[in-house]
Amino acid sequence: MRDRARVVIVGAGVAGASIAWHFAQRGVTDALVLERSEPTSGSTFHSAGLVGQLRGSLPLTTMMMHSVDVYRRLEVESELSGRSPGWREVGSLRIASTTERMEELRRQHGWAKTFGLPMELLSARECSTKFPLMSPDGVLGGIWLPTDGFLDPSGLTHALLGGAKDLGVEVATGVRVTGFRIEAGRVCSVLTDHGTVECETVVLATGMYTPDVAALAGVNVPIVPMAHQYLVTKSIPGVTDDLPQLRDPDNLVYFRRDGDGLVLGGYERDPAPWSLHGVPPDFNNKLLSEDWDRFAPIMANACARVPAAETADIVSLVNGPEGFTPDNEFILGESSVHGLFVAAGFCAHGIAGAGGVGRAISEWVLDGQPSFDCWKMDIRRFGPQYNSREFALARATEVYSTYYDIHYPNEETFAGRPLRKSPAYGALADLGCVFGMKSSWERPNWFEPNEYESHEQLRPSGWAGQHWSTAIVTESLATRDAVALFDETSFSKLELEGPGALTFLQRICANQMDKPVGSVIYTQLCNERGGIEADLTVTRLGIERFLLVTGTAFGQHDLAWIRTQLESQPPAGSVHPRDVTSSLACFGIWGPKSREVLGPLTSQSLDNVAFPYLSARQCSIGAVPTIAARVTYVGELGWELYCPTEYGATLWDLLWERGTQHNMVAGGYRAIDALRIEKGYRVWGADISPDDTPFESGLGFAVALDKGVDFVGRAALAEQKSQGISRRLRAVRLADPLAIAMGSEPVRVDGKIVGRVTSGGAGYRTGASIAFAYVPVGMSELGRLVEVEVFGEWIPAEIVNDALWDPKGSRIRS
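Quick summary incoming for the structure in this document. (Residues numbered from 1 in each chain as written. Predicted model: local features only at pLDDT ≥ 70, side-chain atom pairs only at ≥ 80, totals over all residues. Heavy atoms only, no water.)

## Re the sheet that holds strand 32 (residues 727-734)
Thinking step 1. Pairing within the closed barrel is antiparallel, and its six strands lie in the order 32-35-34-33-36-37. Mean inter-strand twist for the sheet, computed between neighbouring axes without regard to direction, equals 40°.
Thinking step 2. Note that strand 32 and strand 35 (residues 768-776) share eight bridges and pair antiparallel. Residue pairing for strand 35: Leu 729 is matched across the bridge by Tyr 774. (Pairing = 2+ DSSP bridges. Helix = DSSP H or I, 4+ residues; strand = E, 2+ residues; numbered from the N terminus. Axes fitted to C-alpha atoms, helices over the stretch in contact; angles between N-to-C directions.)

Okay, structure coming up:
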């Protein structure tokens, strides 16, 4: 085993093998793969081997599609290499046994069009033709994707490792990692029972073992092993070489061919977490004991769908642990220890995602970031609450038990709640708050006393009306017509302070940051491609002190990005970034009457001269020391009020007591979303992302190319402005105000798919169903007629002004 390598990959399962292969394809052959036992000896060897491409997000689908490209290539190359991954592109069939599931399949069929996937929507009879062994009882229809398939997990792993070794990558088996040497916050060596390996980068592709291995470097990775079972049968008449995969999520089961028999498995309602205090050191190439009692409901459902399974002879019941995460997303990216990357937690999708994982990690290490947005899989998304094994277990258990459920937009999870509470939590509960949760914060969705039957006629049709309340209408209209009070304490708040703070912000922000103390600046932080890594406001509190406010779920990401930029090119003066979210409460008061409510509570003048739009003042509200910022995410006159957390309950009470004199209502985040969409405000992670530039997303007004600073991404943005953009984010108004596009729906012009919806919703003052979508510039003119597919129905629509409400912005400056 070599004692030095540029990259050390720990783990020779399918993920580690793919990462090694992708590094080798990029010319990085100074790499070493360490495996404590033999390749595939963790979870890979007992994987069912199914590969499905269409997922619920663009990045994850991109990864799965790349995986299929890799597996096809390996199968072709196996004619010369002799290393076949066993790729069988037999297609996949997913059926619906309920009306709700059929709606889900129609929606997925629409998504597939935007990816160019050749998916077909089938009748029940056509489903039976595709999978003749299937009983058609209760089947309403299905979707068919001919480019899906299955493979041999061990064969795939060895094909990838073999390809990597052919190019110079070394694979060392029987080597156990015992620790890491970390200097100045960066990993520099891997310690093993066979010696020390110096390196620049380490990738932990250690599956369910990752929490234990990462802990050696002081890194927490919240992965919970879950016992997952499937049954293998002997020969069944009618099983043919071209029999496709079959998934019947309403009955929690899946099937695929295995020789002349079948593999059948599923996801039980009663998960079995395993080895919660660490995987035993000798658990290699091992399975768990068969658990027939727990498998019985899955078996019964499987036999009902495929009756031939009931009389088939059984080869074995495979019971193996798989690593699941608290949110059912992969865990990828660089940890808090620089140079130490993680690629694990694949939630039983490791085979389908391995090719894409290898690509993402190799790009992350070699290029500084993946070529597509991986935020939902980024390890940085997890806050310190996930250091609790009990909390991670509760969330992962809920994920597994609802694996095949229909997950409607705006659906809430319930495990591990409540955890993080605003100081106004008690007051909100007393007001009839219906709480939602984001990043473990309890946040108002809406308030039950604001529900009125008269608004029921505005309930969106289909899925959008599932987790909805008439209170959303009431709270939206109150904000537009009078005044509403919102608890925004969960917003992530970061502080930058030090002599070099301004210089540093000028380098990482696209907008001009050199503005007077008291200024509020809207800006993006861009990557070298010009893509938007963060979308936030910056308030200058002092000559050397700045407050950055970003979305609830994005604080970890944004702070990590800032620290990375700070370390890569430190300014002349010191800069100290820190997360101050928990130290500041925040309330938003917005609406035409907000000045009337707030004015009597402070000596600070609130007129346009003393307190103009996009400015901040440090003042007292009653006796509460407050930073008041005149800024809005709803498109109305108003302020965000920040105070130390211990004053939060008092500030809410002061505002609420005064506001009742003006018929003020309490508002929730669902109203905020309705208000922002008719005002044309974007959401990072949906409308804008690291793959989208400010010019493409209509935010060019926040780019200061002339500020005299070579900020990150400036070169790419300057070139794009000079050359022009090829696509543009546009607002689209649907003809049916109750048909709501919720994201990923296809948009077409003259029968041709030209884009996909990024986000959508209803605007209750404009009475419109509004969606955002990137479309080609040549088709982006106002008034252009388009169509948006909502659950299989093409709804006529029109490209309109981004801001349907107050397009000139006069209300926010009133």
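Right, picking up where we left off after that structure.
## Considering the pairing of strand 16 (residues 314-324)
Thinking step 1. Summarising burial for strand 16: eight of the 11 residues are buried, a large majority.
Thinking step 2. The sheet contact formed by strand 12 (residues 224-233) and strand 16 spans 10 bridges and is antiparallel. The residue of strand 16 that forms the bridge with Ala 227 is Pro 321. (Buried < 20%, exposed > 50% of the residue type's maximum accessible area, 1.4 Å probe, protein only.)

## Some details on the packing of aromatic side chains
Thinking step 1. Scanning all chains against the criterion turns up 27 aromatic pairs.
Thinking step 2. Ring plane angle 45° and centroid distance 4.6 Å describe the contact between Trp 274 and Phe 283, whose orientation is recorded as tilted. The exposure classification of Trp 274 matches that of Phe 283, with both residues buried.
Thinking step 3. Each member of the aromatic cluster is reached from another via a ring pair, and the members are Tyr 254, Tyr 267, Phe 324, Tyr 400, Tyr 403 and Tyr 404.
Thinking step 4. Taking the ring centre of Phe 772 as reference, the NZ or CZ of Arg 682 above it sits at 5.1 Å.
Thinking step 5. Across the ring face of Phe 115, the terminal group of Arg 756 is positioned such that the distance to the ring centre comes to 4.5 Å. (Phe/Tyr/Trp six-rings, centres within 6.5 Å; stacked < 30°, edge-to-face > 60°. Lys NZ or Arg CZ within 6 Å of the ring centre and 35° of its normal.)

## A look at the pattern of salt bridges
Side chains carrying opposite charge are able to pair once their charged atoms draw close together.
Thinking step 1. Here the structure, examined in full by the defined rule, presents 43 salt bridges.
Thinking step 2. For Asp 248, the salt bridge is made with Arg 305, and the minimal N-O distance between the two is 2.8 Å. One end of the pair, Asp 248, is in strand 13 (residues 245-248); the other, Arg 305, is in helix 7 (residues 292-305), and 57 residues separate them in sequence. No difference in accessibility class separates Asp 248 from Arg 305, as the two residues are buried.
Thinking step 3. In this structure, the salt-bridge partner of Glu 268 is Arg 294, at a minimum N-O distance of 2.5 Å. (Salt bridge = Lys/Arg side-chain N within 4 Å of Asp/Glu carboxyl O.)

## Focus on the sheet that holds strand 30 (residues 638-644)
Thinking step 1. Taken together, the six strands give an open sheet; going across it, the order is 28-29-30-27-21-31, and neighbouring strands pair in mixed fashion. Two strands bound the open sheet, and with one partner strand each, they are strand 28 (616-621) and strand 31 (665-667). Geometrically, the sheet is characterised by an average inter-axis angle of 30° between neighbouring strands, direction not taken into account.
Thinking step 2. Bridge count for strand 27 (residues 584-590) against strand 30 is seven bridges, and the pairing is antiparallel. Note that in strand 30 the partner of Phe 587 across the bridge is Leu 641.
Thinking step 3. Of the strands in this sheet, strand 21 (484-487), strand 27 and strand 31 are in contact with helix 11 (residues 470-481), which crosses strand 31 at around 115°. (Contact = heavy atoms within 4.5 Å.)

## Some details on helix 9 (residues 389-401)
Thinking step 1. Taking 1.5 Å of rise per residue, the 13 residues of helix 9 would be expected to cover 18 Å, and the 18 Å separating its terminal C-alpha atoms lies within 8% of that figure.
Thinking step 2. For helix 9, the set of buried residues is Phe 391, Ala 392, Arg 395, Ala 396, Glu 398, Val 399, Tyr 400 and Ser 401.
Thinking step 3. Summarising the contacts, the buried residues of helix 9 are in contact with strand 12, strand 15 (261-266), strand 16 and strand 19 (433-438). (Expected span 1.5 Å × (residues − 1).)

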